[in-house]
Structure formats: structure tokens, C-alpha cells
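# Residue-level structural notes
Each chain, written out:
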Amino acid sequence: MNRKIRVKMVKKILKEIRLRINKFGSSYRRKKLKIKNPTIISNNCWAGIVSQYLGIKYYTPTIGLYFFSEEYIKFLERFDYYIKQKLEIIDTKDSKYYDEMIKKNHQNAIVGKLDDVEIVFLHMKTGKEAIEKWNKRVKRINRRNIIFKFCEQNECSSEHIKRFENLPFKNKICFTTKEYPGYKSVIWFKDQVKNEEVVRDYYESHKYLNIIDYINNMKEEKL
């Protein structure tokens, strides 16, 4: 067995261990929630991992996927429009981010589009699965109790952080690699930075944010 295969196997095992630990005590944490069905819209896997941690259903379609930053901010800036668009699957090679996906070794990932917004369905096996799960979970969105989360990853610039901060949503969380004075949504990930990106936010955010308290004190939206 060559080194590359061994490393891949070890990473898979470690991921399974982290997921099992993450789910441990989820039923207890769910009981502490005052809002039992919060929607978490996320630019990466954070929404799914947090939902598992809390022991709740996926009240969000942003599961098992990620957005490049420009796509995500564009998606949020016209959220009500894009969330109603039909998801279509495109050839991965036709993605405007194909070169970046190759660098990540994601060149075989499923890519979908909502009008002109691209989404990388990293953990979906087929386009059919991506469409079916997206459509099913869109119907579960709780527009009154919704959190929008972003982080410095995937071609993110300070301008993207600024645009996120300026969004009119009441419940916004943004994990960053540095301080952004005056930005109320920003949480600085002091010890989780690599190559000017936040890393592993889905496993490390508990160090900086009590998500149960955040949900229990979130403001009601009128979307």
C-alpha cells in the first residue's frame, strides 16, 4: 500500500471518529434548544456538522457542499430570489472555478447552479442526489429563525467580508483569520488559520462560539 492511499485511509478514519464524537450527547443538547428547528445557511459543511451536533434535522439545503466566496455572497445578497431558482447540474469542467477545484483535488465533484450562482456539492455522489436533497431541504427552511454563516475560505477577500457584514439579516456569523474592528458579525479564529484561510471551522467553532446560546437568543427574521 503506497503512502498516498495510507494517508487517505487515515484521514477517513479520523473523520469518522470526529463525527462520532460530534454526535455524542446530541440528544441532550437538543433538549437545551428553545428553538427546535433553526435553519443554518452556511458556505460550507458547517451547517451539517452543527445540525448533527445539536441532534436536529437538516432545516437547510446547505449540506454536504461549499460555495466559492463570490458565489455565496451573491447568493445571500439576493437570497429570496436564488433560493426559489431551479437547481441545475453542469459539467464540472464548465465551472468558472474549475482550475481552483483541480488545486483542491475536487475536479470530480458535482457542480450545480441556481441561475448564475455555482455550488460545489462535494459530498454528493450524483447530480440526481444533489437535486433531490437540495429540493427536499429547501422546503424545510425556517424563515423566521434563520442564521447566516460565512468564513474566510475559498477565494475570500476582505471585500467579501464587508459585503457579508452589510447584509440586512439579523443573525449573522462570520469566522475570520484576523480582526475586523467594528464588524459585529465577525468572530476571529485566532488559532485556526492556514494560508490566510480559516480551517476546520466545522470542528473548531465551539472554541469561539456557544451555538446553543446563540440560537436561544437569536432574533426573529421576517424574510
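Anyway, here's the lowdown on the structure attached to this text. (Residues numbered from 1 in each chain as written. Predicted model: local features only at pLDDT ≥ 70, side-chain atom pairs only at ≥ 80, totals over all residues. Heavy atoms only, no water.)

Taken in spatial order, the 3 strands of this open sheet run S2-S3-S4, and their pairing is antiparallel. Lying at the two open borders of the sheet, with one neighbouring strand each, are strand S2 (87-90) and strand S4 (117-121). Averaged over all neighbouring strand pairs, the angle between strand axes comes to 35°, with direction disregarded. Two strands pair when backbone bridges link them, and strand S3 (residues 110-114) and S4 are joined in this way by 5 bridges, in the antiparallel orientation. Looking at S4, one finds that Gly112 is bridged to Ile119. Each of S2, S3 and S4 touches helix H7 (residues 127-138); the most contacted strand, S2, lies at about 165° to it. (Pairing = 2+ DSSP bridges. Helix = DSSP H or I, 4+ residues; strand = E, 2+ residues; numbered from the N terminus. Axes fitted to C-alpha atoms, helices over the stretch in contact; angles between N-to-C directions. Contact = heavy atoms within 4.5 Å.)

Bringing helix H4 (residues 69-77) into the picture now. Think of an α-helix as turning once every 3.6 residues; residues three or four places apart then point the same way. With 7 of its 9 residues buried, H4 lies for the most part within the structure. Among all positions in H4, only Ser69, Glu71, Tyr72, Ile73, Lys74, Phe75 and Leu76 are buried. (Buried < 20%, exposed > 50% of the residue type's maximum accessible area, 1.4 Å probe, protein only.)

The full count for this structure, using the stated rule, is 18 aromatic pairs. With 5.3 Å between their ring centres and 85° between their planes, Phe79 and Phe148 make a pair best called edge-to-face. Of this pair, Phe79 sits in helix H5 (residues 79-82) while Phe148 sits in strand S5 (residues 146-151); the two residues are 69 residues apart in sequence, bridging distant segments of the chain. Of the two residues, Phe79 and Phe148, neither departs from the other in class, the shared state being buried. Ring pairing ties together the aromatic residues Phe67, Tyr72, Phe75, Phe79, Phe148, Phe150, Phe164 and Phe169, which thus form one cluster. When the ring centre of Tyr82 is taken as origin, the NZ or CZ atom of Arg78, which lies over that ring, is 5.7 Å away. (Phe/Tyr/Trp six-rings, centres within 6.5 Å; stacked < 30°, edge-to-face > 60°. Lys NZ or Arg CZ within 6 Å of the ring centre and 35° of its normal.)

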